[in-house]
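Structural characterization, general
Here is how the chains run, residue by residue.
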Amino acid sequence: MAGAALKAALKDGILGAVVAAALALPMLGFRLVDSASALTLATRFDWVAWAAAIVGLGRFALCLLRQSVPADRVPMMPDLGARFPKARLMVGWALAGFALVLPFLPFADRSLVDKATMVLIYVMLGWGLNIVVGLAGLLDLGFVAFYAVGAYSYALLATKLDLSFWLCLPMAGLFAASFGILLGFPVLRLRGDYLAIVTLGFGEIIRVILQNWVDFTNGPNGISGIPRPTLFGLQFTANAPEGKTTFADYFGLDFSGEHRVIFLYFVILALALLTNLFTLRIRRLPIGRAWEALREDEIACRSLGLNPTMIKLSAFATGAMFAGFAGSFFATRQGFISPESFTFIESAVILAIVVLGGMGSQIGVVLAALLLVGLPEWFRELQQYRMLAFGGTMVLIMLWKPSGLLSHRAPTIRLGKGAPS
Amino acid sequence: MEYFLQQLINGLTLGAIYGLIAIGYTMVYGIIRMINFAHGEIYMLGAFISLIAFLVSTLLGGTSVALGLLAALVSTMVLTALYGWAVERVAYRPLRNAPKLAPLISAIGMSIVLQNFSQLTQGARVKPLPPLFKGGIELMHGETFSVNLSYLQMTIMALTVVLMMVFTWVITRTSLGRAQRATEQDMKMAALLGVNTDRIISATFVMGATLASVAGLMVTLYYGVIDFYIGFLAGIKAFTAAVLGGIGSLPGAMLGGLLIGLIEAFWSGYFSIEYKDVAAFSILVLVLLFRPTGLLGRPEVEKI
C-alpha cells in the first residue's frame, strides 16, 4: 500500500518535472537580448533545471500529502460567517473603530496612513462594485471607467472652473452615475458574459478617449496641479494664500505635512463608511430586495411584475456613483491623474476584491482589499515580482475557496463531486 | 479605389490573425461557458516562443529561412499547446463545479501571472525582428498609389485557410471532434455515454492554444515587433470577434475576426488611427443590440 502510494507520487512528480522543464525551456532557458545589431539569444539552462526540480518535488510532496490525508479531512478554513452571524457585526464595528483611531496610534507614521488611505480607496470601490456584482449579479468588467469619469470630472472642474472639492464631489458622483445610465440603457438587456465583454469594451473606450482627446483631457500627459481639499475653507498648506486661513493657524498647531495625510485618510474613511451604510440600508428597501431577487432568478422577477431593465439600471448607476466619488477623491489625493491609472487591470483588481472577499459580503471586501492591495504595498521593494505574486494570489485563493473568503450565502443546492454544472 | 483595395488586403490579413485567436475563445466558451482570459496571453507566449524558436534554429546552423520558420512553427505549436494544457490543468480544472465567477477570476489571475512571467523572463523592452519575407506583387498600379500584396500577407492568408480546413475536418469528421460537439451540447449526457469530458476539455484548450500560437508567429513576422503586453488588446479584440460572430460558433469566430480586422483597417485608413479600438467596440455594442446572440449564433432558448 505504502509502496504503491510512493510509486504513484513518484510518477506524478516526474511527470510534473518533465512538463515544467518543457514549459520552462523556451521562456526560461533562452533570453532574448537586443544588442545594437540584431536580436540574439542568451541561455540559462540552470533556471530550467531549477524550475523542473521545484515543480517535480512540489508535485511529489503534494501527491504524498493528499494520499496520507483523506479528501474530506483536508484542512479548510471553517465558514466563520455562517457559524457566528453575530460575530460578523461585532467584527465590523471593531474594524470601524480601529480604522477611526488608526492615525493616532503610536506606530502609525505617515507612510502607514498613506497605505491605509490607498487600501480604503479600494475598499470603497469594492463596496461600490459589490452593489453591481454582489447584489444585482451583473458582471461588470469596466468598473474603472466610472472611477475615471469621477476623477476626470473633479480634475477638470477644479482646474478649469476653479470649483472646490466639496462642490465637485457630488457632481462627480452624478456624472459617473449618468455615464452608468448612458451605458446601461442599451446594454443591460444583454445577459451574463455578453454584458461583461461590453462593459470591458466600454472601459477601454473611455480610456482611449481620455488618452486621445488631448484638447480636453491633456491626453497621456494627464492633468496635474489638481487642488487639494479644504476643511470648511481651511487650507492644509504651510502658508495660506490671500484671504484664507491654514488649518494649523486656525487651531494654533505647528504646521505639519501629516495633517493633510490624516485629513485625507478621514475623508476616504467617511466616504467608504457612507458607501457601506448605504448598501446595508438599501438591502432592506424594496429596491435592494429587487436587486437580490433579480440575481437569483430573472424570470421569476419578471413574472412578479418587476421591470428588470429599470432595476439593473438603478444598480448600475448606484455602483457607478460610488466609483465616481472614489475617483474624485483619488484625483484630489494624488494631485495628478493620467489615463495610465485607469487601465483594465484596475477593473480586474476591484472585481477580484469583490469575488475573493465573497460576493455580497461587506467584511469580505475589506479582507480582500487588505490582502490584495495592502500586502503588496508593503513589498514595494520587490516591485518586479509584485504583480506576479498578485496574480498568483488570485488563482490560489480561488482554488482554495472558490466562493470567496467569506461567502455571504450558502448555496441552497450543490451538485455532487465530479458532476458538471 | 486603390486605397480601398489596400485597406481591404490589410484588414483581411489582420482579420485572419484575430480569427485564429477568436476560435480558442469560442471553443472554450462553447464547452465550459467561461471567458478564458488567459487566452490572449497564450497568444503572446506563442509570439515569444516562435521568435525564440526561430533564433534557435538559425543558431543551430539552419541557413534556409523557410526551413527555420517551419521548425519554429512546429515547435511553437507544440510548446504553446503545452502551455494551454497546463493553464487549464492548474487553474481551471479544479474549479469545474465552483460558482460561476471563480474560474473567471482565476483566469484573470492566470493572465496577470503569464504576462508578468514573460516580462520578468524576457524583459520589458520591445523585441524587434528584421523582416524575413521581402517583396510582393503589385496588384494595381495607380497614379499616386499602388496596391501591394506582400508574400507575407499571402502566406498568412494561405496558412489561415489551411488551418481552418484541417480544423473543420477535425471537428466534423473525427471521433475527437464528435466527442467535442457532444460535450458542448450536454456535458453530463456526454459523460454518461462514456466520453471522457476532462480529456475533451483539455483537448479543446490544446487546440485553441495551437491556433493562437500560429497567430502569434504570424504577428511576429507581420509587425516585426512584440512585447509582453500584446496579449491583452489582441485578446479583447479576439473575444469581441468571437462574440460578434456568435459565441460558440466556429465559422462565426472566423467571420467575426475578419470583420474586426476590416473595421480596424478601414477606420484607421479613413478616419483616425487613434480611435480604431473605439470603432471595434462600438460596432460590437451595435451588433449585440440588434442581434444579441451575434451574427451566426444560435438564439438561446431559456428553459424554466
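Residue positions are counted from 1 within each chain, in the order its sequence is given. All chains are assigned letters beginning with A, and all ligands numbers beginning with 1, in the order in which they are written. Local features in this predicted model are restricted to residues whose pLDDT is 70 or higher, and side-chain atom pairs enter the listing and the counts only when it is 80 or higher, whereas totals over whole chains, interfaces and linings include all residues.

**Here we look at the overall build of chain B**
For clarity, the threshold we go by: Here a strand is any run of E in DSSP of at least two residues, a helix any run of H or I of at least four, and the numbering for each starts at the N terminus. Between the two quantities, the radius of gyration covers C-alpha atoms and the globule rule is 2.2 Å times the number of residues to the power 0.38. Backbone-placed C-beta atoms define the burial measure: a residue is buried with 20 or more other C-beta atoms within 10 Å of its own, exposed with 12 or fewer, and partly exposed in between.
When its secondary structure is counted, chain B shows eleven helices and four strands. Over its C-alpha trace chain B gives a radius of gyration of 20 Å, about what one expects of a compact globule, namely 19 Å for 304 residues. By residue count, 51% of the 304 residues in chain B fall in the buried class.

**Thoughts on the interface of chain A and chain B**
Here is the rule we go by: In this description, a residue-residue contact is defined by the distance between C-beta atoms placed from the backbone, which must lie within 7 Å. Three categories are distinguished: nonpolar for Ala, Val, Leu, Ile, Met, Phe, Trp, Tyr, Cys and Pro, charged for Asp, Glu, Lys and Arg, and polar for the others, with Gly belonging to the last.
Tallying the contact residues gives 51 residues for chain A and 60 residues for chain B. Of all the elements in the fold, those that place two or more residues in the side of chain A that touches chain B are helix H1 (2–29), strand E1 (30–34), strand E2 (39–43), helix H7 (165–187), helix H8 (192–212), helix H15 (344–357) and helix H17 (383–400) of chain A. By residue class, the composition of the side of chain A that touches chain B is 39 nonpolar, seven polar and five charged.

**Looking at the domain arrangement of chain A**
To keep it simple, the criterion reads: Domain borders in the structure are assigned automatically or taken from a domain database.
Parsing chain A into structural domains produces domain 1 (2–71) and domain 2 (86–400). Of note, the centres of domain 1 of chain A and domain 2 of chain A, computed from C-alpha atoms alone, are 40 Å apart.

**Some thoughts on the environment of B:Ser57**
Relative to the elements of secondary structure, B:Ser57 occurs in helix H2 (residues 39–59). As a C-alpha pair, B:Ser57 and B:Trp85 span 28 residues in sequence and 25 Å in three-dimensional space.

**Details of the confidence of the model for chain A**
Detailed reading of predicted coordinates is not advised where the pLDDT is low. Residues and elements named next belong to chain A. Spelled out, the test is: Looking at any residue, its pLDDT shows the predictor's confidence there, from 0 to 100.
Confidence along chain A averages 80 in pLDDT terms, with 86% of residues attaining 70 or more. Here helix H3 (residues 80–83) is the element of chain A with the lowest mean pLDDT, 53, and helix H14 (residues 308–334) is the one with the highest, 90. This model gives residues 410–415 a pLDDT under 50, and the stretch forms three contacts once residues within four places in sequence are excluded.

**As for the environment of B:Tyr83**
Of note, B:Tyr83 is situated in helix H3 (residues 65–92). Here B:Tyr83 falls in the buried class, since 25 other C-beta atoms lie within 10 Å of it. Separated by 100 residues in sequence, B:Tyr83 and B:Thr183 have C-alpha atoms that sit 22 Å apart. Non-local contacts of B:Tyr83, meaning those with residues more than four positions away in its chain, are made with A:Leu23, B:Ile42, B:Leu45 and B:Ala209.

**Focus: helix H5 (residues 110–135) of chain A**
All names here are of chain A. Note the cut-off: Residue count minus one, scaled by 1.5 Å, sets the expected span of a helix. Two axes enter the definition of the bend at a residue: one is fitted to the seven residues ending there, the other to the seven starting there, and the bend is the angle between them.
The terminal C-alpha atoms of H5 lie 36 Å apart, and with 26 residues this matches the ideal 38 Å at 1.5 Å per residue to within 8%. Helix geometry: H5 is bent most strongly at leucine 129, by close to 40 degrees. Extensive coverage of H5 is indicated by the burial of 20 of its 26 residues. Remark: glycine 137 follows H5 within two positions and exhibits a positive phi of approximately 70 degrees.

**Topic: the packing of H15(A) against helix H16 (residues 362–378) of chain A**
All names here are of chain A. Just so we agree on the cut-off: In this description, a line fitted to the C-alpha atoms serves as the axis of each element, helices being fitted only across the stretch in contact, and the angle between N-to-C directions of two axes falls anywhere from 0 to 180 degrees. Angular relationships are summarised with four words: roughly parallel below 35 degrees, roughly antiparallel beyond 145, roughly perpendicular across 65 to 115, and oblique for the angles in between. Left-handed describes a crossing whose near helix is turned anticlockwise from the far helix by less than a right angle; the clockwise case is right-handed.
Taken N-terminus to C-terminus, the directions of H15 and H16 make an angle of 125 degrees; their axes are 7 Å apart at the nearest point. As summarised for this structure, H15 and H16 are arranged oblique, according to the angle between their axes. H16 is crossed by H15, and the crossing has right-handed handedness. Mapping the contact onto sequence places Val349, Ala352, Ile353, Val354, Leu356 and Gly357 in H15 and Gly364, Val365, Leu367, Ala368, Ala369 and Leu372 in H16. Split by residue class, the contact of H15 with H16 holds ten nonpolar, two polar and no charged.

**Looking at unusual backbone geometry**
Positive phi is not limited to glycine here, since B:Arg33 has a value of about 55 degrees. Assignment of secondary structure puts B:Arg33 in the loop between helix H1 (2–32) and H2.

**So, H1(B)**
Residues and elements named next belong to chain B. Relative to the 45 Å expected for 31 residues at 1.5 Å per residue, H1 spans 45 Å between its end C-alpha atoms, a close match to the ideal helical length. Along H1, 24 of the 31 residues are buried, which leaves the element largely enclosed by surrounding structure. Of the residues flanking the end of H1, it is arginine 33, one or two places downstream, whose phi is positive at about 55 degrees.

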